[in-house]
Amino acid sequence: MQTPIPEYLTELLDDCAGDTSGATADYIPELGEADPNRLALALCTPDGTVYSVGDDSIEFTIQSISKPFAYALALRDRGMEEVDEHVGVEPSGDPFNEISVDPESGRPRNPMINIGAITTHCLVGNPSLTTKARAAVVLDGLSRFAGRTLEVDESVHASEYSTRYRNVALASMARSNGFIDIEPDDAVWGYTMQCSALVTVRDLSVMAMTLALGGRNPVTGEQVVPQWVCRQVLSVMTTCGMYDAAGDWLSHVGIPAKSGVSGGLLGSLPGQVGIGAFSPRLDDFGNSVRGVQLCERLSADMSLHIM
Ligand code: DON
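Residues numbered from 1 in each chain as written. Predicted model: local features only at pLDDT ≥ 70, side-chain atom pairs only at ≥ 80, totals over all residues.

What about the pairing of strand 7 (residues 273-278)?
Alright, step 1. For strand 7, the buried fraction is high: six of the six residues fall into the buried class.
Alright, step 2. Along strand 7, one buried face is formed by V273, I275 and A277 and the opposite face, lined by G274, G276 and F278, is buried too.
Alright, step 3. Connecting strand 6 (residues 264-269) to the next strand, strand 7, in antiparallel fashion are three residues, including G271 with a positive phi near 75°. (Buried ≥ 20, exposed ≤ 12 C-beta atoms within 10 Å, placed from the backbone. Helix = DSSP H or I, 4+ residues; strand = E, 2+ residues; numbered from the N terminus. Pairing = 2+ DSSP bridges.)

Below you can see the structure in the form of structure tokens.
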């Protein structure tokens with residue numbers, strides 16, 4: 001590529017800015033208030049350099065992009081065997097808030113859908129932690145991936161908790177099947193706290209690069225999780241990170257990725273680059289319309305496809 005990276009990213013953003021299709025998620029009332037025109041992109045390189053354009057200092061809630069990181073923390077704290085007993089690694093083929101469980105065992109299908117993510121949240125830290133203490137361990141872990149202390153958007157948390165009943169139904173199913181052992185309301189309180197952590201695209205790019213470097217944060221130098229954990233997390237992101245669009249995404253873009261309902265998108269290409277994108281309007285799968293476009297272009301222009 002001939003054009004210097006900052007100019008290239010600005011051109012890319014301008015090319016994608018005109019698409020106003022899709023709609024912001026409003027099933028969490030507070031998310032419906034988001035400015036739909038926000039658009040930002042960041043890339044982090046293995047040496048920790050971050051390039052960013054657009055609304056790159058705007059914070060938004062991380063939502064489902066927290067799921068691979070909570071999975072990483074659970075693997076760090078409980079090990080592969082125990083985590084695997086509680087949550088599988090197979091794509092569900094269902095929307096993210098479905099009761100996607102193995103029909104025989106009741107085990108949640110994977111950690112990227114809500115029922116698996118609520119279960120995964122409960123596996124972080126020591127089993128005797130209180131709900132609040134566990135949420136604090138998760139927030140601390142997310143912050144270590146980002147290389148700075150992340151805050152929680154309390155109004156989004158309150159909004160999501162006050163409309164929590166579908167997630168409580170999922171947590172109740174997981175509890176009834178023996179995969180979580182705390183009260184469903186408490187599990188959802190902690191999980192929605194995790195989803196309400198505030199990030200920028202720059203944070204997402206550093207978090208993605210940390211996964212792509214086998215757990216070493218390129219900015220702080222901290223080894224946040226062991227290398228084997230990142231291999232596991234990136235594998236599950238590859239098959240399950242973009243929900244029902246995961247196959248299409250893998251063949252077109254070819255970068256392990258995770259999206260969230262507030263419009264964030266994270267891409268993590270092993271050894272090479274961490275990507276953060278943000279644009280709140282979502283497609284029918286729940287993925288950011290312009291975030292997907294930005295990544296498609298990046299992948300094609302910079303030959304980032306994993307294959
Ligand atoms: O539990 C929920 O519904 C949200 N906290 C997160 C969902 C989400 O981000 C799905 N992503 N596309």
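Comments concerning the UniProt feature "binding site: substrate" (unreviewed entry) in the protein chain
Alright, step 1. Following the UniProt record, one finds the feature "binding site: substrate" (unreviewed entry) at S64, N114, E160, N167, Y191, Y243 and V261.
Alright, step 2. Looking at the element boundaries, S64 is found in the loop between strand 3 (60-61) and helix 2 (66-86).
Alright, step 3. What makes S64 buried here is the crowd of 23 C-beta atoms within 10 Å.
Alright, step 4. The residues contacting S64, other than those within four sequence positions of it, are F96, K258, S259, G260 and V261.
Alright, step 5. Relative to the helices and strands, N167 is located in helix 6 (residues 165-176).
Alright, step 6. Classification of N167 by C-beta neighbours within 10 Å gives buried; the count is 24.
Alright, step 7. Ignoring anything within four residues of it in the chain, the contact list for N167 reads N114, I118, V188 and Y191. (UniProt positions renumbered as here; feature names shortened; annotations may be inferred. Contact = placed C-beta atoms within 7 Å.)

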